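# Architecture and fold: a report
If you want the building blocks of each chain, they are given just below.
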There are 2 protein chains.
Amino acid sequence: TIYVVTPTYARLVQKAELTRLSLTLLHVPRLHWIVVEDSPQPTPLVRDLLAVSGLAYTHLHVPTPKDMKLQEKDPTWLKPRGVEQRNEAMRWLREMAAAAAVEQAVVYFADDDNTYSLKVFEEMRFTQRVSVWPVGLVGGMRYEGPVVENGKVVRFHTGWRPSRPFPIDMAGFAVSLRLVVAHPGARFDRSAQIGFLESSLLQGLVTMKELEPKADMCTKILVWHTRTEKPKIKREEIMQKQGMGSDLNVEV
Amino acid sequence: TIYVVTPTYARLVQKAELTRLSLTLLHVPRLHWIVVEDSPQPTPLVRDLLAVSGLAYTHLHVPTPKDMKLQEKDPTWLKPRGVEQRNEAMRWLREMAAAAAVEQAVVYFADDDNTYSLKVFEEMRFTQRVSVWPVGLVGGMRYEGPVVENGKVVRFHTGWRPSRPFPIDMAGFAVSLRLVVAHPGARFDRSAQIGFLESSLLQGLVTMKELEPKADMCTKILVWHTRTEKPKIKREEIMQKQGMGSDLNVEV
Ligand SMILES: O=c1ccn([C@@H]2O[C@H](COP(=O)(O)OP(=O)(O)O)[C@@H](O)[C@H]2O)c(=O)[nH]1
Ligand SMILES: O=c1ccn([C@@H]2O[C@H](COP(=O)(O)OP(=O)(O)O)[C@@H](O)[C@H]2O)c(=O)[nH]1
Ligand SMILES: [Mn+2]
Ligand SMILES: [Mn+2]
């Protein structure tokens, strides 16, 4: 089973993002979607979407503490996003694994706005410890990814601080569930420096030598770090003042 | 059959966009994807993507004339986009329909960056002339769409020039192929005023009274006018100058 962990938060494009991501995941056999809302309560929008998705899923929620939450005016890189949510998913996974004997299973952290090919899921399916591959359109580069020599990862192609322990985007690795269970303390560190969030988890799990290169020795781009524009709804505000706004009962 | 017409052009996110759109379309039965590249030649990227997509498709191309092409610095609303490409698809459809007896079929103009639920395709499948429904996150509004009274479209909910003949986004209607064939002169007018592109086609095909409201009398949002951020690749440029850029043979 591939456990796909998706942190998500309420915003105008949320339903659109989760809709298209769910339609990608729906093509993948033996997949379980763990959606973790960044909210104090589960929301009807996400609950209903999951219920009709046709996917096997678990619906969790945990709010990001207020002081860690990105504010409207903040640049997006200022604070890590989705940290508590991914840790909550790992908590659930460890609990689930303790209760039931889990066979070959793998955990993948898939943000709601990225673009995934079906191939990336087949590449990660047989992960012993941690498998890795390049990610397109990330870090100010066409792509970033591991550099492989003689079948081993020897360094990383990245435009920024290649000396980080694991300069890999969240979308560029998967972890075997067994490893997550074997290291109960491993987690994303919400106070990690910018760019060190992935390292904060992986350092506790694996060494560079042990990484398993996928996607034709890390030469194929099978996942893209796309971001969706925030819609401008200036006209909506004007219309609402005139009493002609959109019906707020219509879910967008 | 649903003929889905998608104009597309080369840019960093093109493969990502077409990948996720293709994965949505792959869930829809009896669908034929007409991808029309805005280019003087078909490109290998699109050709290869279509070949492995698993979809029934037709691959066309026609470049937008230079004077109509949006320039790097232009605001996106300055010139209509995808016009020649959609007209080229209609040319192909009419030719195809003349050669073979085409049954119940419908034409839908689906940009490569929008988000589609599966339901929207089922709603449009039984279109007599022109069916319509609301579109989310468009026109500066939460959604825009037809207003239905007693089963008929009586006006349009829009934040801008509601007096336009058909103030409907491209993603908000589908046309029966029979109607397209019966009106060989109907086409998108590339010199239409801003916001009048959809009207330029629909005026030649249908009246407001004849519109067929779908999506629960136009009360459900089944498609979203999402837009994808243009990736910043500043670091790539710096790295390339240092001879450490990404391998340009790796397709992103
Ligand atoms: O306040 C927030 C902001 C983001 N996210 C989620 O965290 C992940 C990463 O966020 P984002 O895509 O904005 O990060 P970036 O694109 O900048 O890497 C996504 O799945 C978001 O839905 C979240 O749960 N709470
Ligand atoms: O020079 C261009 C710009 C856009 N498009 C295509 O035309 C459609 C509409 O363009 P876009 O999504 O940029 O328009 P908007 O989001 O502003 O409505 C999309 O399928 C694009 O891929 C194109 O073929 N050539
Ligand atoms: Mn993101
Ligand atoms: Mn668009």
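Described below are features of the structure shown in this document. (Residues numbered from 1 in each chain as written. Chains lettered and ligands numbered in written order. Predicted model: local features only at pLDDT ≥ 70, side-chain atom pairs only at ≥ 80, totals over all residues. Heavy atoms only, no water.)

## Points about the nonpolar core
Rules: Among buried residues, the Ala, Val, Leu, Ile, Met, Phe, Trp, Tyr and Cys ones that are joined through side-chain atoms within 4.5 Å form a nonpolar core. Buried residues are those whose accessible area, probed at 1.4 Å on protein chains only, stays under 20% of the maximum for their type, while exposed residues exceed 50% and partly exposed ones sit between those limits. By definition, any uninterrupted DSSP run of H or I lasting at least four residues is a helix, any uninterrupted run of E lasting at least two residues is a strand, and each is numbered from the N terminus. Whether two residues are in contact is decided by their heavy atoms: any pair within 4.5 Å suffices.
By size, the foremost hydrophobic cluster in this structure holds 38 residues, and its most contacted members are Ile34, Leu93, Phe109, Val130, Phe173, Leu177 and Phe188 of chain A. It is helix α3 (residues 83-99) of chain A that contributes the most residues to this core, 7 residues altogether. Leave out the neighbours within four places in its chain, and phenylalanine 188 of chain A touches Val83, Arg86, Asn87, Met90, Phe109, Met170, Phe173, Leu197, Glu198, Ser200 and Leu201 of chain A. With 37 residues, the next largest nonpolar core counts Val36, Ala97, Val153 and Phe166 of chain B among its residues.

## Details of the side chain of threonine 64 of chain A
All names here are of chain A. The condition is simple: Each polar contact in these results corresponds to two N or O atoms within 3.5 Å; when the atoms are within protein, one needs to be able to donate a hydrogen and the other to accept it, and residues that are neighboring in sequence are counted only if both atoms are side-chain atoms.
Position of threonine 64 relative to the elements: it lies in the loop between β3 (56-61) and α3. Within polar-contact distance, the side chain of threonine 64 engages the side chain of glutamine 85 at 3.2 Å. If we skip the residues at most four places from it in the chain, threonine 64 touches Asp38, Lys69, Glu84 and Gln85.

## Re the site of ligand 1
Residues and elements named next belong to chain A. Condition: Throughout this document, a residue counts as near a molecule or strand when at least one of its heavy atoms sits within 4 Å of that molecule or strand. For every accessible area listed, the method is Shrake-Rupley and the probe measures 1.4 Å; residues are considered covered only by the protein chains on display. Note on residue categories: nonpolar means Ala, Val, Leu, Ile, Met, Phe, Trp, Tyr, Cys or Pro, charged means Asp, Glu, Lys or Arg, and polar means any other residue, Gly included.
Not every one of the 14 residues close to ligand 1 is listed here, only the nearest: Pro7, Asp38, Arg81, Asp113 and Arg227. In this structure, histidine 225 approaches ligand 1 through a side-chain N or O atom, which is 3.0 Å from an oxygen atom. Protein burial of ligand 1: of its 520 Å² of free accessible surface, 91% is covered by the chains. Partitioned by chemical class, the residues of the shell around ligand 1 number 2 nonpolar, 3 polar and 9 charged.

## Topic: the pattern of salt bridges
Here is the rule: Salt bridges are counted wherever a side-chain nitrogen of Lys or Arg sits within 4 Å of a carboxyl oxygen of Asp or Glu.
All told, the structure shown has 26 salt bridges over all chains when counted by the stated rule. Ionic pairing is found between arginine 20 of chain B and glutamate 17 of chain B, a salt bridge with its closest N-O pair at 3.2 Å. Pair noted here: arginine 20 of chain B and glutamate 17 of chain B are both in helix α1 (residues 14-25), with a separation of 3 residues, about one helical turn. A salt bridge links arginine 125 of chain B to glutamate 122 of chain B; the shortest N-O distance between them is 3.0 Å. The class of glutamate 122 of chain B is partly exposed, set by a relative accessible area of 39%. Counted as one network, the salt bridges with shared partners bring together Glu88, Arg91 and Glu95 of chain A.

## A closer look at the coordination of the manganese ion (ligand 4)
Each pair of donors in an ideal four-coordinate tetrahedral metal site encloses 109.5 degrees, whereas pairs in an ideal six-coordinate octahedral site enclose 90 or 180 degrees. Quick note on the threshold: Counted as donors are the N, O and S atoms within 2.8 Å of the metal, or 3.2 Å for Na, K and Ca, while water is not among the atoms, so some sites may look incomplete.
Taken together, Asp113 of chain B (OD) and Asp113 of chain B (OD) make up the full set of protein donors to the manganese ion (ligand 4), lying 2.1 to 2.5 Å away. Tracing the chain through its elements places aspartate 113 of chain B in the loop between β4 (106-109) and β5 (115-116).

## Regarding the site of ligand 2
Residues and elements named next belong to chain B. In the vicinity of ligand 2 lie 14 residues, with Pro7, Asp38, Arg81, Asp113 and Arg227 positioned nearest. Between ligand 2 and aspartate 113, the relevant distance is 2.8 Å, taken from an oxygen atom to a side-chain nitrogen or oxygen of the residue. Side-chain polar atom of arginine 227 to an oxygen atom of ligand 2: 2.8 Å apart, as the coordinates give it. Contact with the protein chains hides 91% of the accessible area of ligand 2, taken as 520 Å² for the molecule alone. Here the residues of the shell around ligand 2 are counted per class, giving 2 nonpolar, 3 polar and 9 charged.

## Observations regarding the relation of the copies chain A and chain B
What counts, and what does not: The copies are overlaid by a least-squares fit using only the C-alpha atoms of residues whose pLDDT is at least 70 in both copies.
When chain A is fitted onto chain B, the two copies agree to an RMSD of 0.0 Å after a turn of 180° and an axial shift of 0.0 Å. Classification of the inter-copy transformation places it as that of a two-fold axis. Identified as the residue of chain A closest to the rotation axis by C-alpha distance is threonine 228 of chain A, at 2.2 Å. Most of the interface of chain A is mirrored in chain B, where 100% of its interface residues are also at the interface.

## What to know about the interface of chain A and chain B
To be explicit about the condition: What counts as buried area is the accessible surface, traced by a 1.4 Å probe, that two parts surrender upon association, with contributions from both included.
Of the residues lining the interface, 49 residues belong to chain A; the matching set on chain B comes to 49 residues. Roughly 4,400 Å² is buried in total at the junction of chain A and chain B, and carbon and sulfur atoms are behind 63% of that figure. At the boundary of chain A with chain B, the tally comes to 2 salt bridges. One salt bridge in this structure joins glutamate 229 of chain A and arginine 227 of chain B, with 3.4 Å as the shortest N-O distance. Here chain A is connected to chain B by 21 residue pairs in polar contact (both at pLDDT 80 or more). Of all the elements in the fold, those that place two or more residues in the side of chain A that touches chain B are α1 (14-25), β5 (115-116) and α8 (234-241) of chain A. At 6 residues, α1 of chain A tops the list of elements feeding residues into the side of chain A that touches chain B.

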